[in-house]
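Summary of the model geometry
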Amino acid sequence: ETGGYSKEKITFIPNGIDTERFQPDRARGRAARAAWGIDPGARVVGLVGRLDPMKGHELFLRAAAQAAQKKSDLVFVCVGEGSGVFRESLLKLSRELALDGRVVWSSSRNDMNDVYNAFDVVCSASVFGEGFSNAVGEAMACGVPCVVTDVGDSALIVGDTGLVVPPGDPEALVEGLCTLIGVIEEKGQELSTKARERIVGRFSRH
């Protein structure tokens, strides 16, 4: 839909990712894990985004509960601010899903490069309303592969460096997470390099 304008006169300009600020630094990621009390040997799946229904935290938690049963070393981290009422509803759901001890809740932080580097996988579980996800681009610039729902530009950002699943489908998200973690266990450094190169080559501010 072009709103009556000629397609030939429209140019798509994506958000620019600061690839000098966001880059691989696993040592700093280990420090962030330690601050959260996460075992160094755990596989960490992170979701970065404000606590808002559009961001799909409920979907993420339901998928996390299933994935945790399949892989005992998984830990999940949610980073973002939100209303107290919605936050409490998510904490309640987390308890109902028996995720106590498997989910870390963190407020927004200034050291986001450290945060991304603490993750093995970043998940964007948005169910609607997403445009260009800076969190996905920033994570990939840090060499972290992503599983994303097919909302907004997420599939365009990820390309063939991660996995894209339908929105609102926890079973598909579980399969995507477990599949990508399996790929990382086989060729993690190769995938990490590929993710960063995609952002540097297509979406970098520099």
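Residues numbered from 1 in each chain as written. Predicted model: local features only at pLDDT ≥ 70, side-chain atom pairs only at ≥ 80, totals over all residues. Heavy atoms only, no water.

Attention now goes to the environment of Gly80. Within the secondary structure layout, Gly80 lies in the loop between β2 (74-79) and α3 (84-96). It is 27 Å that separates the C-alpha atoms of Gly80 and Glu197, two residues lying 117 residues apart in sequence. (Helix = DSSP H or I, 4+ residues; strand = E, 2+ residues; numbered from the N terminus.)

Attention shifts here to the side chain of Thr19. Here Thr19 is to be found in the segment before α1 (26-36). Taking the relative accessible area as the measure of exposure, Thr19 reaches 6% and is therefore buried. At a separation of 2.8 Å, a polar atom in the side chain of Thr19 contacts the side chain of Ser204. If we ignore the near neighbours within four places in the chain, the residues touching Thr19 are Ala141, Arg196, Ile199, Val200, Ser204 and His206. (Buried < 20%, exposed > 50% of the residue type's maximum accessible area, 1.4 Å probe, protein only. Polar contact = N/O pair within 3.5 Å; in protein donor to acceptor, adjacent residues only side chain to side chain. Contact = heavy atoms within 4.5 Å.)

This paragraph deals with the sheet that holds strand β5 (residues 146-149). Strand order across the open sheet formed by six strands is β3-β2-β1-β4-β5-β6, with parallel pairing between neighbours. With one partner strand each, in any of the chains shown, β3 (103-106) and β6 (163-165) form the two edges of the open sheet. Each strand axis lies, on average, 20 degrees off the axis of its neighbour in the sheet, ignoring direction. As paired elements, strand β1 (residues 43-48) and strand β4 (residues 121-124) share two bridges and run parallel to each other. Residue pairing for β4: Val45 is matched across the bridge by Val121. Packing against the sheet, helix α5 (residues 134-141) makes contact with β1, β4 and β5, and its axis sits at approximately 165 degrees to β5. (Pairing = 2+ DSSP bridges. Axes fitted to C-alpha atoms, helices over the stretch in contact; angles between N-to-C directions.)

Quick look at the side chain of Arg196 now. Its place among the elements puts Arg196 in helix α7 (residues 170-202). One buried charged side chain, Arg196, makes no salt bridge at all; its nearest oppositely charged neighbour is Glu20, positioned 8.1 Å away. Reaching out from Arg196, the side chain makes a polar contact with the backbone oxygen of Thr19 at a distance of 3.0 Å. Every residue in contact with Arg196, bar those within four places of it in the chain, is listed here: Thr19, Phe22, Gln23, Pro24, Met140, Ala141 and Gly143. (Lys, Arg positive; Asp, Glu negative; His and termini not counted. Salt bridge = Lys/Arg side-chain N within 4 Å of Asp/Glu carboxyl O.)

All told, the structure shown has 10 salt bridges when counted by the stated rule. A salt bridge links Glu58 to Arg62; its shortest N-O distance comes to 3.2 Å. Pair noted here: Glu58 and Arg62 are both in helix α2 (residues 57-70), with a separation of four residues, about one helical turn. Judged by relative accessible area, Glu58 falls into the partly exposed class, the value being 43%.

Ranked by internal contacts, the top residues of the largest apolar core, which has 35 residues, are Val45, Phe60, Phe76, Trp105, Val121 and Leu173. Within the residue set of this core, elements represented by two or more residues are β1, α2, β2, α3, β3, β4 and α7. Here this core takes nine residues from α7, the largest share from any one element. Contacts of Phe60, omitting those with residues within four sequence positions, involve Val45, Leu47, Phe76, Cys78, Cys123, Ala125 and Leu173. Ala42, Val115, Val136 and Val158 belong to the second largest nonpolar core, which has 32 residues in total. (Core = buried A, V, L, I, M, F, W, Y, C linked by side-chain atoms within 4.5 Å.)

Bringing the packing of aromatic side chains into the picture now. Counted by the stated rule, this structure contains four aromatic pairs. Between Phe22 and Tyr116, the aromatic rings sit 5.8 Å apart at their centres with planes inclined by 70 degrees, giving edge-to-face as the arrangement. Here the residue Phe22 occupies a position in the segment before α1, and Tyr116 occupies one in helix α4 (residues 112-117), the gap between them amounting to 94 residues. For the pair formed by Phe22 and Tyr116, the shared burial category is buried. With a centroid separation of 5.9 Å and an interplanar angle of 80 degrees, the aromatic rings of Phe60 and Phe76 are classed as edge-to-face. With Phe60 in helix α2 and Phe76 in strand β2, this pair connects stretches of sequence that are 16 residues apart. Like Phe60, the residue Phe76 is buried in the burial classification. (Phe/Tyr/Trp six-rings, centres within 6.5 Å; stacked < 30°, edge-to-face > 60°.)

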